[in-house]
There are 2 protein chains.
Amino acid sequence: MQPVGSPTPSESRSDDLAAWGSVRDRLRERGLRWTPQRRALVAVLSQTRGHVTGADLVERCREQDPSTIPSTVYRTLDVLEELGIVRHGHGPDGREEYHVLPDAEHGHLHCRGCGAAWEITADEGASIVATLEAARGFAVDLSHVTIVGRCRACR
Amino acid sequence: MQPVGSPTPSESRSDDLAAWGSVRDRLRERGLRWTPQRRALVAVLSQTRGHVTGADLVERCREQDPSTIPSTVYRTLDVLEELGIVRHGHGPDGREEYHVLPDAEHGHLHCRGCGAAWEITADEGASIVATLEAARGFAVDLSHVTIVGRCRACR
DNA sequence: GCCGTTATTGCAACTCATTGCAGCAAGACC
DNA sequence: GGTCTTGCTGCAATGAGTTGCAATAACGGC
Ligand SMILES: [Mn+2]
Ligand SMILES: [Mn+2]
Ligand SMILES: [Zn+2]
Ligand SMILES: [Zn+2]
């Protein structure tokens, strides 16, 4: 039940290291290429845990290499998402938000009043998922779900 | 359980007419002004039922008056939303989608496979709303909810 | 190490939306 | 109808993201 913090750099755990280390091979298995631009983004991502906007990632890549091109970053993010390495959702304003190596699938809750954000745990999400599954046979992508409203404090 | 169609012009029902007719007064009660630009957008909206993107509305205003300025339209939409005359959500890509005179509060469901969309009725939404209300005292804005996933046919 | 295939990049143009600001004009008051 | 106040508009710049296309460069094969 913890508020979602801003993206925090953090030391990698060993399994995270493994995850990042395997990206190169996961790409090449699919006939995709391991380019300097992709290396750069993966380096930035491996220093990130939690939630970041696409624009943030572009900026962080630029800090490392000012010649970074936004479209390349966004396209690489698409590729990494296909590999399941990141997932994206949208903030209350529709802007992209990436989850980096999420510990568990989760959605997001945003308060319009104070701007605070929380994760919707798989547990809480289960009720949403189950409802739509039962009623319509619809498979909800929980990690893309953002729910906006007012938190207890702001009501 | 009907798929959400594209925005369809339709004759106004009498209570809708009343709703649009009262906009001018609702604005002026609040010290706001009834300008030609607002008249134009309201005229377009009154010919619309269901769901439209912000960009669509800009374009339709432009058809009537090519000198229409996008920022004015978006700002007017904000005002109308404060009056409760329209409500917006976001499509799967984060773009704005307006509900015009919705019969009832509802959310949206989008299939990534076929692109079809459905409304989440207040009824179905109740389970989502109740869960977050009970667990966190969070008041969900159902009309801003968009859930993405795969529909029965696409699985 | 060179070559060819083709995935990827850089770039420019474009879409959708938001914002600051100076000038304009609704509409209340007389 | 004239005047004043202040809410709105037009405009230009900006931010976030996407797309088409020609040139580039991974990397598998030799
Ligand atoms: Mn929104
Ligand atoms: Mn999305
Ligand atoms: Zn709050
Ligand atoms: Zn479908």
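To start, this report covers the structure provided alongside it. None of these values were measured; they are calculated from a predicted model.

Thresholds, definitions, all that
- Residues numbered from 1 in each chain as written.
- Chains lettered and ligands numbered in written order.
- Predicted model: local features only at pLDDT ≥ 70, side-chain atom pairs only at ≥ 80, totals over all residues.
- Heavy atoms only, no water.
- Near = heavy atom within 4 Å.
- Polar contact = N/O pair within 3.5 Å; in protein donor to acceptor, adjacent residues only side chain to side chain.
- Helix = DSSP H or I, 4+ residues; strand = E, 2+ residues; numbered from the N terminus.
- Nonpolar A, V, L, I, M, F, W, Y, C, P; charged D, E, K, R; others polar.
- Donors = N, O, S within 2.8 Å, 3.2 Å for Na, K, Ca; no water.
- Tetrahedral: all angles 85-135°; square planar, octahedral: opposite > 155°, others 65-115°.
- Buried < 20%, exposed > 50% of the residue type's maximum accessible area, 1.4 Å probe, protein only.
- Pairing = 2+ DSSP bridges.
- Axes fitted to C-alpha atoms, helices over the stretch in contact; angles between N-to-C directions.
- Contact = heavy atoms within 4.5 Å.
- Buried area = accessible area lost by both parts, 1.4 Å probe.
- Salt bridge = Lys/Arg side-chain N within 4 Å of Asp/Glu carboxyl O.

### What about the protein's contact with DNA strand D?
Then comes step 1: Residues in close proximity to DNA strand D total 20 residues, the closest being Trp 34 and Tyr 74 of chain A together with Leu 32, Arg 33 and Arg 38 of chain B.
Then comes step 2: Within 4 Å of the protein, the atoms of DNA strand D are drawn from sugar and phosphate moieties in a proportion of 70%.
Then comes step 3: Note that a base oxygen of DNA strand D is positioned 3.1 Å from one of the side-chain N or O atoms of Arg 75 of chain A.
Then comes step 4: Take Ser 71 of chain B: an N or O atom from its side chain is 3.3 Å from a base nitrogen of DNA strand D.
Then comes step 5: Elements with a minimum of two residues in the surface near DNA strand D: α4 (54-64) and α5 (70-82) of chain A together with α3 (36-46) and α5 (70-82) of chain B.
Then comes step 6: Along the lines of polarity and charge, the residues of the surface near DNA strand D split into five nonpolar, seven polar and eight charged.

### What about the protein's contact with DNA strand C?
Then comes step 1: In the region of DNA strand C, 20 residues are neighbours, and Arg 33 and Arg 38 of chain A together with Trp 34, Tyr 74 and Glu 96 of chain B sit closest.
Then comes step 2: One nitrogen or oxygen atom from the side chain of Arg 33 of chain B is found 3.1 Å from a base nitrogen belonging to DNA strand C.
Then comes step 3: The separation between a base oxygen of DNA strand C and a polar side-chain atom of Arg 75 of chain B is 3.2 Å.
Then comes step 4: Secondary-structure elements contributing two or more residues to the surface near DNA strand C are α3 (36-46) and α5 of chain A together with α4 (54-64) and α5 of chain B.

### Concerning the coordination of the zinc ion (ligand 3)
All names here are of chain A.
Then comes step 1: Within the protein, the atoms that donate to the zinc ion (ligand 3) are Cys 111 (SG), Cys 114 (SG), Cys 151 (SG) and Cys 154 (SG), at distances of 2.2 to 2.4 Å.
Then comes step 2: Coordination at the zinc ion (ligand 3) is tetrahedral: its four donor atoms span angles of 102 to 117° at the metal.
Then comes step 3: Within one chain, the residues serving as donors to the zinc ion (ligand 3) are arranged as C-x2-C-x36-C-x2-C. Note that Cys 114 is positioned in the loop between β4 (107-111) and β5 (117-120) and Cys 154 in the segment after β7 (146-150), a separation of 40 residues in sequence.
Then comes step 4: Residue classification places Cys 154 among the partly exposed positions, given a relative accessible area of 23%.

### Side note on the sheet that holds strand β1 (residues 50-53) of chain B
Residues and elements named next belong to chain B.
Then comes step 1: Strand order in the open sheet made by the three strands is β1-β3-β2, with antiparallel pairing throughout. Only two strands of the sheet have a single neighbouring strand rather than two, namely β1 and β2 (86-90). Neighbouring strand axes in the sheet, compared pairwise and without regard to direction, differ in orientation by 30° on average.
Then comes step 2: Judged from the five bridges that link them, β2 and strand β3 (residues 96-100) form a sheet pairing that is antiparallel. Paired with Arg 87 across the two strands is His 99, which belongs to β3.
Then comes step 3: On the sheet, α4 packs against β1 and β3 and is oriented at approximately 80° with respect to β1.

### Some thoughts on the interface of chain A and chain B
Then comes step 1: Contacts between the two partners involve 34 residues from chain A and, on the opposite side, 34 residues from chain B.
Then comes step 2: Summing both sides of the interface, chain A and chain B together bury roughly 3,000 Å²; the carbon and sulfur share of this comes to 54%.
Then comes step 3: Of all residues in chain A, the largest losses of buried area upon contact with chain B belong to Arg 136, Phe 138 and Arg 155 of chain A, amounting jointly to 23% of the total for that side.
Then comes step 4: A salt bridge links Arg 136 of chain A to Glu 124 of chain B; its shortest N-O distance comes to 2.7 Å.

So, to be careful, I would describe these as geometric facts and stop short of saying anything about function.
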